[in-house]
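Fold and geometry: a report
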Number of protein chains: 4
Amino acid sequence: MSINSFGHIFRVTTWGESHGTAIGATIDGCPPGISITEELIQNFLDKRKPGQNKFTTQRKEADKVSILSGVFEKISTGTPIQLLINNTDQKSKDYGDISEKFRPGHADYTYFLKYGIRDYRGGGRSSARETAARVAAGAIAQLALKELQPNLEIYGYMIQLGNKKINANNFNLSNIPKNSFWCPDSEVVSEWEDYLLTLRKSGDSVGAIIEITIKGAPGGLGAPIYAKLDADLASSLMSINAVKGVELGNGMDVAKLAGSDNADEMFFDGGNVSFGSNHAGGILGGISTGQDIVTRFSVKPTSSILKPKQTINKKGDIVEIRTKGRHDPCVGIRAVPVGEAMVACVILDHFLLHRGQNGKNQGQIG
Amino acid sequence: MSINSFGHIFRVTTWGESHGTAIGATIDGCPPGISITEELIQNFLDKRKPGQNKFTTQRKEADKVSILSGVFEKISTGTPIQLLINNTDQKSKDYGDISEKFRPGHADYTYFLKYGIRDYRGGGRSSARETAARVAAGAIAQLALKELQPNLEIYGYMIQLGNKKINANNFNLSNIPKNSFWCPDSEVVSEWEDYLLTLRKSGDSVGAIIEITIKGAPGGLGAPIYAKLDADLASSLMSINAVKGVELGNGMDVAKLAGSDNADEMFFDGGNVSFGSNHAGGILGGISTGQDIVTRFSVKPTSSILKPKQTINKKGDIVEIRTKGRHDPCVGIRAVPVGEAMVACVILDHFLLHRGQNGKNQGQIG
Amino acid sequence: MSINSFGHIFRVTTWGESHGTAIGATIDGCPPGISITEELIQNFLDKRKPGQNKFTTQRKEADKVSILSGVFEKISTGTPIQLLINNTDQKSKDYGDISEKFRPGHADYTYFLKYGIRDYRGGGRSSARETAARVAAGAIAQLALKELQPNLEIYGYMIQLGNKKINANNFNLSNIPKNSFWCPDSEVVSEWEDYLLTLRKSGDSVGAIIEITIKGAPGGLGAPIYAKLDADLASSLMSINAVKGVELGNGMDVAKLAGSDNADEMFFDGGNVSFGSNHAGGILGGISTGQDIVTRFSVKPTSSILKPKQTINKKGDIVEIRTKGRHDPCVGIRAVPVGEAMVACVILDHFLLHRGQNGKNQGQIG
Amino acid sequence: MSINSFGHIFRVTTWGESHGTAIGATIDGCPPGISITEELIQNFLDKRKPGQNKFTTQRKEADKVSILSGVFEKISTGTPIQLLINNTDQKSKDYGDISEKFRPGHADYTYFLKYGIRDYRGGGRSSARETAARVAAGAIAQLALKELQPNLEIYGYMIQLGNKKINANNFNLSNIPKNSFWCPDSEVVSEWEDYLLTLRKSGDSVGAIIEITIKGAPGGLGAPIYAKLDADLASSLMSINAVKGVELGNGMDVAKLAGSDNADEMFFDGGNVSFGSNHAGGILGGISTGQDIVTRFSVKPTSSILKPKQTINKKGDIVEIRTKGRHDPCVGIRAVPVGEAMVACVILDHFLLHRGQNGKNQGQIG
């Protein structure tokens, strides 16, 4: 119910504004006995941190996380974990322009409309800075999954930048950490780099598509009808700033398939169930099959661009706006670890929910 | 939290299996004072009912709804509304085949895996029959919205069948009720008919894309960060059987846009705020802008097809399966009223949630 | 969140009005694999059913339960269980008097004030008839606990009728089913009978105190800080009609104790932890200790009495009211199985919640 | 659902351990536009702060609150408010004794049993120090109520210390702030002081009963059946450390009443509804009547006492324990502002929930 929280048992509440004192995440329902340190969480945050490469904002945020509660002698106690990240780069600059004008493509107008007041500094609550808190929470989820499901691995990567897609034949998970785009196709990287540099010089931005593959996810996760694993993944990813579409398996393209092609045939080798294909993206009827879970989301181009746009101010005057400042030409890059974090939280949450209701998987083949 | 419920204040719980005694919806948090009768709900159910046209299953279900509680002298009392739909067409046939075999593309295997037991008759809980309960709940939401937001209208329609898209130039909402596909482009209808008839004769099925436009939705609906209006729409639509993708505004295609094109410029005419475009689909930062809200979802092809597929049974034997029986060649058709119902529930729920926290919109231009 | 639901994982929603078509309970999150039949549930309902003895209302309700979903071949499937009880004794009598007048001590006025409309027939939603749905839900919880925690037993009984208390020295659980009051002290029964008969003849009613002891409850149930086992017990019992007080262990009398007397000393015999006393009622810090859990609640006297009382009607006229009809001189009697049902639901829910977050108890002595 | 959260729309999550870095409260769903400053919150915290008078622990905690988010230019923005209180008095003392031994009457054993690990320093999460976070959250609720319901006042006070009750004839709200006990009967104060001083010298402690009266609460708050106002008050108060009983109106004593005495008669003077008495404590059917809401709770004696008690350690050895350190002889004193805070949160939450579902009260007399 809580409007800034998500999750059933493993519940995450994020709080904080872009240029306030701090941001953070309150995590309730974490299993006890998990090894957690600030350093382990920092590894995840550093992946999202601004200024990591030439394609992300040069805003200098240390994104240094502190654990304020819920961890004792480096072990989770089962009580709420409070993670705090101070905002260190809040320049006391003049925000006058955006304090009165509503930036197109931003939440400025809707927050004003709804609440009558908004912290306009850097976008306040609606800033993508909030996603640092998600990544910190996702780190806790990853650390718990590592102990509860050691074989589970979550891979996020970019498969499309603007209208440039990767070549599926070159897909290799090992390429992901080797380039600025978390791109699994090493051959497309230099083209993407040129494209994005040109775009940034022109003061513009572009969208992207991120895919996340979860390997080693146990079957049986998810629950009918409104806590389906795919429904929870969809809302968790759609809640990320700038996301406008979410897909599972064949996604929107499933429309084009014939039923005879779409249904994934099943096999059994005496020990394990396997499938002839994975159009379903690892989820049937909202419950995981044990295959790879494959989900994708689109990220719209950064709305903060140097090119001038028409808009209005609070008085209703029609005015021009041009967003100065340090912004990402493609927020999709930094959305990769954010997507991974959301997925990690959802998977852990459903692991716990499943264990709660069912103890363990009940059915067995053979 | 509840796994078969959704909504914050207006909460819907559906229950029931395809071939059990009955299915239904328990609706909590409905505002009092709304005019509700069985006839008014029936209008919505009849739109989804099987056998309405030649492209939907010939299963004969009356889908007759009874109001068991929460309505007194045709007025909602604010207490839970129980809607019951008896299953009248439960043939006492031999289900032996599907009781042991797992139909590919269905939830047979995942339910078995998770619970150890499944009501295999007609798919049990995972059957699309459950969506009748959603439509009944959506009818309540529509009736409440009609009184609370008289100008709000929800239009669902099919924009793609297989790989055949509508021509945007022919788009006209008035065409929707005039054909078997709820298609807004009357010129594509005969081609779609031929295509689907051929497909059905071949024992196959196909997917579709449904779009829903909400006109007259007030601005200010939705809430940061995890009860965003688009996040709640995404999970509500992804929870519908066979849905594999959900989009808002430009959706997955937003990846291709430049920032300079994507951000919708704003205007003010002294009375109303307007926008130069609607790439955002009427939602910014998770909160409605007052523009049309535009969302889409893909529906995979019916997995129950006459063509034989390979699968396994409970013992682990590899076996062939061919789904006999009365099935829709494109479940996307009947998904249209289901999508409308989910959207109606989400919008009403956010109307109430917004009113709860904020009373009314707080900000005003001019 | 849902206003007519309770529970974290095992979630119960009740619905229905006293003189509507039916009442019932929607149960979500029940573990799969539990043996459930209508007969087994009926046993619990019969204990609460009106007309069981001379001290309960003579309203004739069969209280016959039907399972509409969630159970397949007498086994729970893990999907929502819908339990329906038809209202068979809705006399089409003239309700004119109470339709306009607000009965003192009843919810007539508050429902009218809040909702503007109320189903006045027999009290509508606020009637104690709703508790039949709780008992049906509690039966499911009891059946699940029987399989998951075979040693757990829940005993409800009356320890005070009006100002007449039982003699603690005569306390014996085996007496409970042997008298009309579920009283564990057989020696006080005839006095209570005389007292209540006299009271009924005079057209009056009286309150009572019910105690519930849970034997064999595992330690470790409950969760800090706002899902404490005692906090959830308190709200579940306080939600029962006519309840005005709830206690754990020494309850309100704990105020009188010195700290040196109150703290229950601990012992260990090499195998089991034991305690020197049980002032805490089996719960410390919101989590069960493994001792008997002991809770109590007070039930106010039936407000529907033959003696005339002053009140107002909708127009604001000051009028007299005298409730004719068939009412219990002490609703506390029938509150016993209702209390047991609520406690059963809470315990099962916390068993599942604990299993979800923690798997099993983590700490071990020795 | 969240185990460390409460509330429907106005949701409070507390976090933190007694001797960790900090404690705090995350508040979601606060209405926008409310005047909030650290100073205003501090006023409430100072009331609970240790060391305020000779009867509370001499632990020196500044209990200085910082607002980290959700407030912009001293006005609430509608986004999550993070309140942080640093733990300044964490003596790096040797906790060896209580790290291995389980203190009787404390949650040491149950936390160990459930989680396998516990932050034993000062009781960790189960310490009453957590209630400072509740008071901070309650301050936000009070500030919001002040603007939304200006006539509403919440009065908490002690009515019983040990077995010494106040004299109802001397009851006067104006006495409350004038003595160390928040006692409304000034004549009993010196006797209470002597009693408690003697008790403390003997190394012992004693329980108390606190009453809270809410004046000016609007009618119509609360919701059937499981979000009843009294049920939510009961769980919120029972969740406070050391509370063992909760009452509304006549509470446990309602058992002794006859129906003819208990039902509060109603009157109307052309403008307002009034009642002849208030046995119900201002709530009927779970919904407020508009009368004073009167609730009470018992607080057990501090379990940390100087007198030695028998207990066990982790190895299972039977050992003696004597709690050194700075403890309150009657924690009931400091429970007064905590109770007020919980009640404030519940009332505001139900105000928002009511407004969400119903807009405003629907029924009107006359």
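Residues numbered from 1 in each chain as written. Chains lettered and ligands numbered in written order. Predicted model: local features only at pLDDT ≥ 70, side-chain atom pairs only at ≥ 80, totals over all residues. Heavy atoms only, no water.

Check the secondary structure of chain A and you find eight helices and 18 strands. The C-alpha atoms of chain A give 21 Å as radius of gyration, which agrees with the globular expectation for 366 residues (21 Å, within 12%). Dimensions of chain A, computed from the C-alpha atoms along their principal axes, are close to 70 × 50 × 35 Å. Within chain A, contacts between residues at least 6 apart in sequence are counted, and of these 70% link residues at least 24 apart. Charge separation in chain A, taken as the distance between the mean sites of 41 positive and 38 negative side-chain charges, equals 7 Å. (Helix = DSSP H or I, 4+ residues; strand = E, 2+ residues; numbered from the N terminus. Rg over C-alpha atoms; globule rule 2.2 N^0.38 Å. Contact = heavy atoms within 4.5 Å. Lys, Arg positive; Asp, Glu negative; His and termini not counted. Charge placed at Lys NZ, Arg CZ, Asp CG, Glu CD.)

Attention now moves to the relation of the copies chain C and chain D. Of the two same-sequence chains, chain C is brought onto chain D (RMSD 0.0 Å, axial shift 0.0 Å) by a rotation of 180°. Taken together, the turn and the small shift mark the pair as related by a two-fold rotation axis. Of all interface residues in chain C, 100% are interface residues in chain D too; the two copies therefore contact each other through one and the same surface. (Least-squares fit on C-alpha atoms with pLDDT ≥ 70 in both.)

With that out of the way, let us pick up the state of the cysteines. Residues and elements named next belong to chain C. Tallied over the entire structure, the rule returns zero disulfides over all chains. Cysteine 345 provides the cysteine sulfur closest to cysteine 30, a residue in no disulfide bond, and the two sulfurs are 10 Å apart. Relative accessible area serves as the criterion here: at 1%, cysteine 30 is assigned to the buried category. (Disulfide = S-S within 2.5 Å. Buried < 20%, exposed > 50% of the residue type's maximum accessible area, 1.4 Å probe, protein only.)

Take the sheet that holds strand S16 (residues 293–299) of chain C next. The 10 strands are arranged S9(C)-S8(C)-S10(C)-S16(C)-S11(C)-S11(D)-S16(D)-S10(D)-S8(D)-S9(D) in an open sheet whose pairing can be described as antiparallel. Single-partner strands in this sheet number two, and they are strand S9 (164–165) of chain C together with strand S9 (164–165) of chain D. Where strand S8 (residues 153–161) of chain C and S9 of chain C come together, two bridges link them in antiparallel fashion. Looking at the pairing, leucine 161 of chain C lines up with lysine 164 of chain C of S9 of chain C. Each of strand S8 (153–161) and S9 of chain D is contacted by helix H5 (residues 189–201) of chain D, which is oriented at about 60° to S8 of chain D, the strand it contacts most. (Pairing = 2+ DSSP bridges. Axes fitted to C-alpha atoms, helices over the stretch in contact; angles between N-to-C directions.)

Pairing is antiparallel across the open sheet formed by 10 strands, whose spatial order is S9(A)-S8(A)-S10(A)-S16(A)-S11(A)-S11(B)-S16(B)-S10(B)-S8(B)-S9(B). The two strands at the open ends of the sheet, each matched to only one other strand, are strand S9 (164–165) of chain A together with strand S9 (164–165) of chain B. Of the pairings in the sheet, the one linking strand S10 (residues 208–215) of chain A to strand S16 (residues 293–299) of chain A comprises seven bridges and is antiparallel in character. Bridge assignment links isoleucine 214 of chain A to a residue of S16 of chain A, and that residue is isoleucine 293 of chain A. Contacts between helix H8 (residues 332–358) of chain A and the sheet are confined to strand S8 (153–161), S10 and S16 of chain A, with S8 of chain A contributing the most and set at about 145° to the helix. Contacting strand S8 (153–161), strand S10 (208–215) and strand S16 (293–299) of chain B, helix H8 (residues 332–358) of chain B crosses the sheet at an angle of about 145° to S8 of chain B.

What follows concerns the interface of chain A and chain B. Every contact between the two is made by 112 residues of chain A and, on the other side, 112 residues of chain B. Both faces combined, the contact of chain A with chain B buries some 9100 Å², and carbon together with sulfur accounts for 63% of it. Counting the surface chain A buries against chain B, the share from its top three residues, Lys114, Tyr226 and Lys244 of chain A, is 10%. For the pair chain A and chain B, the number of links is zero salt bridges. The tally of links between chain A and chain B comes to 65 residue pairs in polar contact (both at pLDDT 80 or more). It is helix H3 (residues 108–115) of chain A that contributes the most residues to the side of chain A that touches chain B, seven residues altogether. For the side of chain A that touches chain B, the class distribution of residues is 50 nonpolar, 43 polar and 19 charged. One ladder, built from three bridges, connects strand S11 (residues 243–248) of chain A with strand S11 (residues 243–248) of chain B; its direction is antiparallel. Residue pairing in the sheet places glycine 245 of chain A in a bridge with glutamate 247 of chain B of S11 of chain B. (Buried area = accessible area lost by both parts, 1.4 Å probe. Salt bridge = Lys/Arg side-chain N within 4 Å of Asp/Glu carboxyl O. Polar contact = N/O pair within 3.5 Å; in protein donor to acceptor, adjacent residues only side chain to side chain. Nonpolar A, V, L, I, M, F, W, Y, C, P; charged D, E, K, R; others polar.)

What follows covers the confidence of the model for chain A. Residues at a pLDDT of 70 or more form 96% of chain A, whose mean pLDDT is 93. On the interface metric, ipTM, the complex scores 0.96, and its pTM is 0.97. (pLDDT = per-residue confidence, 0-100.)

The interface of chain C with chain D comprises 112 residues on the first partner and 112 residues on the second. The contact between chain C and chain D buries some 9100 Å² in all, and 63% of this surface belongs to carbon and sulfur atoms. Of all residues in chain C, Lys114, Tyr226 and Lys244 of chain C give up the largest surface area on contact with chain D, accounting jointly for 10% of the area buried on that side. For the side of chain C that touches chain D, a count of residues per class yields 50 nonpolar, 43 polar and 19 charged.

Scanning all chains against the criterion turns up 32 aromatic pairs over all chains. When the ring of phenylalanine 102 of chain A is compared with that of tyrosine 109 of chain A, the centres are 5.6 Å apart and the planes differ by 75°; the resulting orientation is edge-to-face. In this structure, phenylalanine 102 of chain A and tyrosine 109 of chain A share a single accessibility class: buried. Pairwise contacts between aromatic rings join Phe102, Tyr109 and Phe112 of chain A together with Phe275 of chain B into one cluster. In this structure, lysine 47 of chain A is placed above the aromatic ring of tryptophan 182 of chain A, and the distance from its NZ or CZ to the ring centre is 4.6 Å. Just above the ring of tyrosine 195 of chain B sits the side chain of lysine 164 of chain B; from NZ or CZ to the centre is 4.9 Å. (Phe/Tyr/Trp six-rings, centres within 6.5 Å; stacked < 30°, edge-to-face > 60°. Lys NZ or Arg CZ within 6 Å of the ring centre and 35° of its normal.)

Bringing the pattern of salt bridges into the picture now. Where charged atoms from two side chains of opposite charge come close, those side chains can pair. Considering all chains together, one arrives at 53 salt bridges over all chains under this definition. Between glutamate 340 of chain A and lysine 47 of chain A there is a salt bridge; the shortest N-O distance is 2.9 Å. Highlighted residues: glutamate 340 of chain A in helix H8 and lysine 47 of chain A in helix H1 (residues 38–48), separated in sequence by 293 residues. Overall, lysine 47 of chain A belongs to the partly exposed group, its relative accessible area being 27%. One salt bridge in this structure joins aspartate 63 of chain D and arginine 129 of chain D, with 2.9 Å as the shortest N-O distance. Of the two residues, aspartate 63 of chain D sits in the loop between helix H1 (38–48) and strand S4 (65–69) while arginine 129 of chain D sits in the loop between helix H3 (108–115) and helix H4 (131–148), which places them 66 residues apart along the sequence. When sorted by exposure, aspartate 63 of chain D lands in the same class as arginine 129 of chain D, which is buried.

A few words on the side chain of asparagine 87 of chain B. Residue and element names in this part refer to chain B. As for its placement among the helices and strands, asparagine 87 is situated in the loop between strand S7 (81–86) and helix H2 (96–100). Judged by its relative accessible area of 4%, asparagine 87 falls in the buried class. A polar contact is formed between the side chain of asparagine 87 and the backbone oxygen of serine 18, at a distance of 3.3 Å. Looking at asparagine 87, its side chain comes within polar contact range of the side chain of arginine 129, at 2.5 Å. Non-local contacts of asparagine 87, meaning those with residues more than four positions away in its chain, are made with Glu17, Ser18, His19, Gly20, Thr21, Ala22, Ile23, Glu61 and Arg129.

The pairing of strand S17 (residues 309–312) of chain B with strand S18 (residues 318–321) of chain B spans four bridges and is antiparallel. In the strand pairing of S18 of chain B, lysine 309 of chain B is matched with isoleucine 321 of chain B.

This part is about H8 of chain B. All names here are of chain B. Taking 1.5 Å of rise per residue, the 27 residues of H8 would be expected to cover 39 Å, and the 38 Å separating its terminal C-alpha atoms lies within 8% of that figure. Of all 27 residues making up H8, 27 are buried, and the element is well covered by its neighbours. Glycine 359 sits one or two residues past H8 and shows a positive phi near 80°. (Expected span 1.5 Å × (residues − 1).)

All names here are of chain B. H8 packs onto helix H6 (residues 229–238) with a crossing angle of 145° between their chain directions and a minimal axis gap of 9 Å. Along this stretch, H6 crosses H8, giving a crossing that reads as right-handed. The segment H6 lies against H8, with Leu229, Asp232, Leu233, Ser236 and Leu237 engaging Gly339, Met342, Val343, Val346, Ile347 and His350. Each residue belonging to the contact of H6 with H8 can be placed in one class, and the counts come to seven nonpolar, three polar and one charged. (Left-handed = near helix turned anticlockwise from the far one by under 90°.)

It is worth spelling out the side chain of threonine 110 of chain D at this point. As for its placement among the helices and strands, threonine 110 of chain D is situated in helix H3. A relative accessible area of 0% means that threonine 110 of chain D is categorised as buried. At 3.1 Å, the side chain of threonine 110 of chain D and the backbone oxygen of alanine 107 of chain D are in polar contact. Apart from residues no more than four positions distant in its own chain, threonine 110 of chain D is found in contact with Leu284, Ile287, Ser288 and Thr289 of chain C.

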